[in-house]
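Structure at a glance
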2 protein chains.
Amino acid sequence: MIKVILFGGGNVATHLANEFLQNKEIKLIQMYNRNISKIKHFKSKTLITNNLENILDADIYIISISDNAVADFSSKLILKNKLVVHTSGTISLNELKSISNKGVFYPLQTFSKNKKLQFDNIPICIEAEHEKDLILLKKLANYITKEYYHLNSEQRESLHIAAVFVNNFINHLYHIGHTICNEANIPFNILKPLIKETASKITTLNPIDAQTGPAVRKDTKTIHKHLEKLSNINQEIYTLLSNSIKNTHGEKL
Amino acid sequence: MIKVILFGGGNVATHLANEFLQNKEIKLIQMYNRNISKIKHFKSKTLITNNLENILDADIYIISISDNAVADFSSKLILKNKLVVHTSGTISLNELKSISNKGVFYPLQTFSKNKKLQFDNIPICIEAEHEKDLILLKKLANYITKEYYHLNSEQRESLHIAAVFVNNFINHLYHIGHTICNEANIPFNILKPLIKETASKITTLNPIDAQTGPAVRKDTKTIHKHLEKLSNINQEIYTLLSNSIKNTHGEKL
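Everything quoted here is computed from the prediction, not taken from an experiment.

Criteria and thresholds
Residues numbered from 1 in each chain as written. Chains lettered and ligands numbered in written order. Predicted model: local features only at pLDDT ≥ 70, side-chain atom pairs only at ≥ 80, totals over all residues. Heavy atoms only, no water. Axes fitted to C-alpha atoms, helices over the stretch in contact; angles between N-to-C directions. Helix = DSSP H or I, 4+ residues; strand = E, 2+ residues; numbered from the N terminus. Parallel < 35°, antiparallel > 145°, perpendicular 65-115°, else oblique. Contact = heavy atoms within 4.5 Å. Nonpolar A, V, L, I, M, F, W, Y, C, P; charged D, E, K, R; others polar. Polar contact = N/O pair within 3.5 Å; in protein donor to acceptor, adjacent residues only side chain to side chain. Pairing = 2+ DSSP bridges. Domains from an automatic or database assignment. Buried area = accessible area lost by both parts, 1.4 Å probe. Salt bridge = Lys/Arg side-chain N within 4 Å of Asp/Glu carboxyl O.

Look at helix α8 (residues 220–229) of chain A against helix α4 (residues 153–183) of chain B: their axes get within 11 Å of each other, and the N-to-C directions meet at 100°. Comparing the axis directions of α8(A) and α4(B) gives the class roughly perpendicular. On α4(B), the residues that touch A:Thr222, A:Lys225, A:His226 and A:Lys229 of α8(A) are B:Glu154, B:Glu157, B:Ser158, B:His160, B:Ile161 and B:Val164. When its residues are assigned to classes, the contact of α8(A) with α4(B) shows two nonpolar, four polar and four charged.

With that settled, the discussion passes to the environment of A:Lys229. Tracing the chain through its elements places A:Lys229 in helix α8. The spacing of A:Lys229 and A:Lys201 is 28 residues in sequence and 29 Å in space, taken between C-alpha atoms. Residues in contact with A:Lys229, not counting those within four places in the same chain, are B:Glu154, B:Glu157, B:Ser158 and B:Ile161. In terms of polar contacts, A:Lys229 uses its side chain to reach the side chain of B:Ser158, at 3.2 Å.

Glancing now at the sheet that holds strand β7 (residues 124–128) of chain B. Residues and elements named next belong to chain B. Strands sit in the order β3-β2-β1-β4-β5-β6-β7-β8 across an open sheet of eight strands; the sheet is mixed. Of all strands in the sheet, those bounded by a partner on one side alone are β3 (47–49) and β8 (148–150). Recorded for the sheet is a direction-independent mean angle of 25° between the axes of neighbouring strands. Where strand β4 (residues 60–63) and strand β5 (residues 78–86) come together, four bridges link them in parallel fashion. Its bridge partner being in β5, Ile63 is matched across the sheet by His86. Strands β1 (2–7), β2 (26–32), β4 and β6 (99–107) of the sheet are contacted by helix α1 (residues 11–21), whose axis makes an angle of about 145° with β2.

A few words on the domain arrangement of chain A. All names here are of chain A. Per the domain assignment, the segments making up chain A are domain 1 (2–151) and domain 2 (156–249). On a C-alpha basis, the centroid separation for the pair domain 1 and domain 2 is 35 Å. In this assembly, domain 1 packs against domain 2 so that about 730 Å² is buried in total across both faces, 59% of it on carbon and sulfur atoms. Between domain 1 and domain 2 we count one salt bridge in total. Measuring nitrogen to oxygen at the nearest pair gives 2.6 Å for the salt bridge that ties Arg156 to Glu127. Residue assignment for the side of domain 1 that touches domain 2 shows that the elements contributing at least two residues are β6 (99–107) and β7 (124–128).

Right, here's the structure in full:
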């Protein structure tokens, strides 16, 4: 049984809290948030507080707040010989300023308030200053997921950049597709099987081998036709990504 | 029973041929390809030819060859009062130069040689000059899929552009993610649950409501950190897509 305290009330904190609460090997003994109303729905399930002086004794203290606030917030924590971790993909272990042992517990997934997630498929990236803390984080990760990875801060930053490409940017391209369909009076649903297949293809093929379309075919006629119909930033995106595909597949610009 | 002849030997033609051959309501009576060796594996299943003078009598003649070749190839077909269609998303109905009735039968999916597909989830976009031909194409579509859409050439072109964004460009972003992982010595598999969830999210949310990440949070600190680690065209792509997300979500540049 691992005793955990969570700091935060946002998407990641909420998903983690719900996951911990339903896990028999983990005991979420307390949640903290500066604005207590944001975590009041956990009142019936765990202790809640907005006062750092009331923090109890636990095995792991998890800071799950916005990236920009981690350094400042953690500097208020004096938890000598205890393990304090953050859940961010972007910031390094050293940005934790708590008086404590330090680590990272970063679940790589896109969290939205109203979308339920199965944690057992979410990779968790862990890091710690001390071997014994790494063992503890592995144990915590193992209780909630099948996959965990031991990455250093440098690797985690690269991973986070890759995640921006394959999640944030891809979702934005879905949005552009949605807009183009709307303007042409076509239901967005028509694209959904293609979107699903595109994501499914790379479970068995390397992305580079799955590439199709006018840019990789060097079909300049189609590219020009498409560019004529686009304007502003969508035209710039079309040009840049087509050039990048051509570069990747070996045509000089 | 609809009698069909297919012209072509590429990915789309091969997938369509296999689908027609296993369907009881459709009879693929002949396949044509200029280079007969490309379709010789169909020899045991249907008639094959590389001679246009040998073309049999059918209900629908389907041209499934590269976009650039359709106008030229179709100009050789004299099939008066018969229905000739192409399978392209890019080119208009009028680019068919056959002496015949004309139509379009465009399956919206990404076809790779070594990846099997279930046609029943593939949307098929149809168009025809004459009402009776439209009815025939609806019938053909209905035999192989649950979803078909009647789109005009203008709409189909928009749809094809949207498909380039949500398929070709997205696959390229997968490739960039793959490269970043490789360089940091991280297995690409770590990104797959995120990729799956990103595609799954928009089955229940509009893409604009599913947007997460540093650009929509206006987290310029993280954006700058990421840009420092990127170079060349990946840096340009990161900048342009982040700006586009900021534009969409209402921040002036």
